[in-house]
Amino acid sequence: MNTLVKNILRFALLILVQVYVLDKIHLHQMVTPYLYFLFILWMPFRMKRSWQMLVAFALGFTLDSFRHHPGFHTAACVLIAYIRPFLVNLLIPQEGADTNYEEPSFKSMGGFLPYFIFIGVLTLIHHGWLFLLEAWQFGNVWYFILKTLLSTAVSLLLILITELLFSRKQSFRTNTA
Amino acid sequence: MRNIFLFIRRYFNLLLFLCLQGFSIYLIVHYSRYHNAIFSGVSNQVTGKINQQFNRVEYYFQLKRTNDSLVKANATLYNKLKADFELPDSTTHTFIDSLKIDSVEGYRKYNYYPAKVVYNSVAAQNNFLVLSRGTAQHVKIGMGVIDPNSGVVGVITDVSKDYSVVMSLLHKDSRISGKLLKGGETGTLNWDGKTPNIISLTGIPKGAKVAKGDTIISSGFSTSIPIGMLIGRVEEAVPDKGSSNFLIKFRSAANFYNLEYVYIIENKQAESIKAILDNIKKKDQ
């Protein structure tokens, strides 16, 4: 499938799952499961950095429109989209893996650990920034820290389940192709 | 000049990041300014449409609960029927009927419109509902919303043509005043953003008598919600050491988890009250 079409479908699907499935689950007040930002984690390597940020802005803004209080998710999405390329450069195993593969996955990042660090750090940053922005109006440090950690754990679990359920076939691309 | 362009090119990504981040935070802070914009109407209409499609499926699974609450509401209404009361014996006394039947409609103060909930959130820090009724069906900003058993739900904050958004009691900006049914002291409702259905009531002086299980009703001080609507029952009341007030936590009368139908309350006198208030404001300036 074309990369553009695939990403548009992914965008719509993740937003719908977030709004109509995950937001309806009331596990506990400390745990808010998030999955929609997986779209940002899965964005192609080759995409320009400024475009990554603009698309992340659109993603966050769409979710915020459903929540009727704009800004929170938009800010968190833009932040992880900005940090993502730095992490990719740091974690990519050998020279040129980001040109040989299309998007981040277990295979393209060279194993479970680098990829897990990649999603773990970005999830933590996303949740931390999001809850910090929300907590400015409530202000309770321990509540904030605990909520961030617990929500990150649940979101990571969701991401791993998604990875296992929908295996993305990533073929090795060479320059000649 | 050339250096400036070089600088922008070199740090373009950082600058773009700061711009977008700044814009998001601007949106958070200036929420009310945004929600008056025309754009909000468009996005409400679009998200409302999608919400309604999903609600069609979800509604089916909640039929039983909806039915139960409607039966309960019906029972209350039956108990208010004229047939339940005996007329006074008028053979020995003369009663003058002072009610002019025809003009009752002219004195009507509140009007209730039913509305279906198409989206409802409880888990976020700022919760809201979306109703499938909008300006085309007489909904205006500032109208109050109650559930079928007259438990207060919130106030309309945003309307588009066919949909309206309700800021529920579980919203940090929600400031509805409530009063203790027993003593009549009034305070303000506040939600701490943690447990749904548990809200706090502030501003009740320590002199008041509060016990667990006491009823809190709406004060009727605002034009949106009439006096005497149920708000909740006190769960715990502790005297605050730092001030002269009680710290009261109460369970809301409306169960925010399973709202299906609500009533929007139109106050026919809202505009004339607002006109007077505006007049006073003008005089003060």
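Residues numbered from 1 in each chain as written. Chains lettered and ligands numbered in written order. Predicted model: local features only at pLDDT ≥ 70, side-chain atom pairs only at ≥ 80, totals over all residues.

**Student:** An account of the overall build of chain A is needed here, citing residue identities and associated values.
**Tutor:** Each helix and strand in chain A was counted, giving seven helices and zero strands. Each helix and strand of chain A, ordered N terminal to C terminal, gives the series α-α-α-α-α-α-α. For chain A, with 177 residues in total, the buried portion stands at 36%. Considering only residue pairs separated by 6 or more positions, chain A has 61% of its internal contacts joining residues 24 or more positions apart. (Helix = DSSP H or I, 4+ residues; strand = E, 2+ residues; numbered from the N terminus. Buried ≥ 20, exposed ≤ 12 C-beta atoms within 10 Å, placed from the backbone. Contact = placed C-beta atoms within 7 Å.)

**Student:** Outline the interface of chain A and chain B, listing residues and values.
**Tutor:** Taken residue by residue, the interface counts 26 residues in chain A and 29 residues in chain B. If you list the elements that add at least two residues to the side of chain A that touches chain B, you get α3 (49–67), α4 (72–91) and α6 (112–135) of chain A. The biggest single contributor to the side of chain A that touches chain B is α3(A), with seven residues. Within the side of chain A that touches chain B, the residues separate by chemical class into twelve nonpolar, ten polar and four charged. (Nonpolar A, V, L, I, M, F, W, Y, C, P; charged D, E, K, R; others polar.)

**Student:** I'd like to hear about the domain arrangement of chain B, residue by residue, with values.
**Tutor:** Split by domain assignment, chain B resolves into domain 1 (2–36) and domain 2 (177–256). Just the C-alpha atoms count here: the centres of domain 1 of chain B and domain 2 of chain B sit 42 Å apart. (Domains from an automatic or database assignment.)

**Student:** Got a sec to walk through helix α5 (residues 63–78) of chain B? Specific residues and values, please.
**Tutor:** In this model, α5(B) (16 residues) spans 22 Å end to end at C-alpha, consistent with the 22 Å of a helix rising 1.5 Å per residue. Burial analysis of α5(B) places just zero of its 16 residues in the buried class, which makes it a mostly uncovered element. (Expected span 1.5 Å × (residues − 1).)

**Student:** If you had to explain the nonpolar core to someone new, which residues and values would you point to?
**Tutor:** With 50 residues, the main nonpolar core has Leu131(B), Val152(B), Val153(B), Val166(B) and Val262(B) as its most contacted residues. By residue number, the principal contributor to this core is strand β4 (residues 152–159) of chain B, which donates five residues. Ignoring any residue separated from it by four or fewer positions in sequence, one finds Val166(B) in contact with Phe128(B), Leu129(B), Leu131(B), Val145(B), Val153(B), Gly154(B), Val155(B) and Ile156(B). Of all hydrophobic cores here, the second largest spans 36 residues; its members include Phe66(A), Ala75(A), Ala81(A) and Leu87(A). (Core = buried A, V, L, I, M, F, W, Y, C linked by C-beta atoms within 7 Å.)

**Student:** Go over the sheet that holds β4(B), please, and point to the residues and values.
**Tutor:** All names here are of chain B. Sheet architecture is closed into a barrel: six strands sit in the order β1-β2-β5-β4-β3-β12, paired in antiparallel fashion. Averaged over all adjacent pairs, the angle separating strand axes in this sheet is 45°, with direction ignored. Relative to strand β2 (residues 128–131), strand β1 (residues 110–120) is paired through three bridges, and the arrangement is antiparallel. Bridge pairing in β2 links Tyr119 to Val130. (Pairing = 2+ DSSP bridges. Axes fitted to C-alpha atoms, helices over the stretch in contact; angles between N-to-C directions.)

**Student:** Outline the sheet that holds strand β7 (residues 186–190) of chain B, listing residues and values.
**Tutor:** Backbone hydrogen bonds are what pair the strands of a sheet, in a parallel or an antiparallel way. Residue and element names in this part refer to chain B. Taken together, six strands build a closed barrel; the order of strands is β6-β7-β8-β11-β10-β9 and the barrel is antiparallel. Strand after strand, the sheet turns through a mean of 40° between neighbouring axes, direction not considered. Note: strand β9 (residues 215–218) against strand β10 (residues 230–239), three bridges, orientation antiparallel. Pairing of Ile216 across the sheet is with Gly232, part of β10.

**Student:** Describe helix α7 (residues 141–165) of chain A, listing the residues and the values that go with them.
**Tutor:** At 3.6 residues per turn, the α-helix brings residues three or four places apart onto the same side. All names here are of chain A. Its 25 residues place the ends of α7 36 Å apart at the C-alpha level, agreeing with the 36 Å of an ideal helix rising 1.5 Å per residue. Lys147, Thr148, Ser151, Thr152, Val154, Ser155 and Ile159 are the residues of α7 that are buried. Along its buried surface, α7 packs onto α2 (38–41) and α6.

**Student:** Can you break down the confidence of the model for chain A residue by residue, with the values?
**Tutor:** Per-residue pLDDT for chain A has a mean of 84; in total, 89% of the residues score no lower than 70. Mean pLDDT across the secondary structure elements of chain A bottoms out at helix α5 (residues 97–100) of chain A, with 65, and peaks at α2(A), with 91. (pLDDT = per-residue confidence, 0-100.)

**Student:** Tell me about the environment of Lys161(B), and name the residues and values.
**Tutor:** All names here are of chain B. Locating Lys161 in the fold gives a position in the loop between β4 and β5 (164–168). With 13 C-beta atoms packed within 10 Å, Lys161 lands in the partly exposed category. Each C-alpha atom, one on Lys161 and one on Gly134, is 4.9 Å from the other, the two residues being 27 residues apart in sequence. Discounting chain neighbours no more than four positions away, the residues touching Lys161 are Gln45, Gly134, Thr135 and Ala136.

**Student:** Account for the environment of Pro33(A), naming residues and giving values.
**Tutor:** Residues and elements named next belong to chain A. Mapped onto the elements, Pro33 comes out in the loop between α1 (3–20) and α2. Along the primary structure Pro33 and Gly120 are separated by 87 residues, whereas in three dimensions their C-alpha atoms are 14 Å apart. When sequence neighbours within four positions are dropped, the list of residues in contact with Pro33 reads Leu22, Ile25, Leu27, Val154, Ser155 and Leu158.

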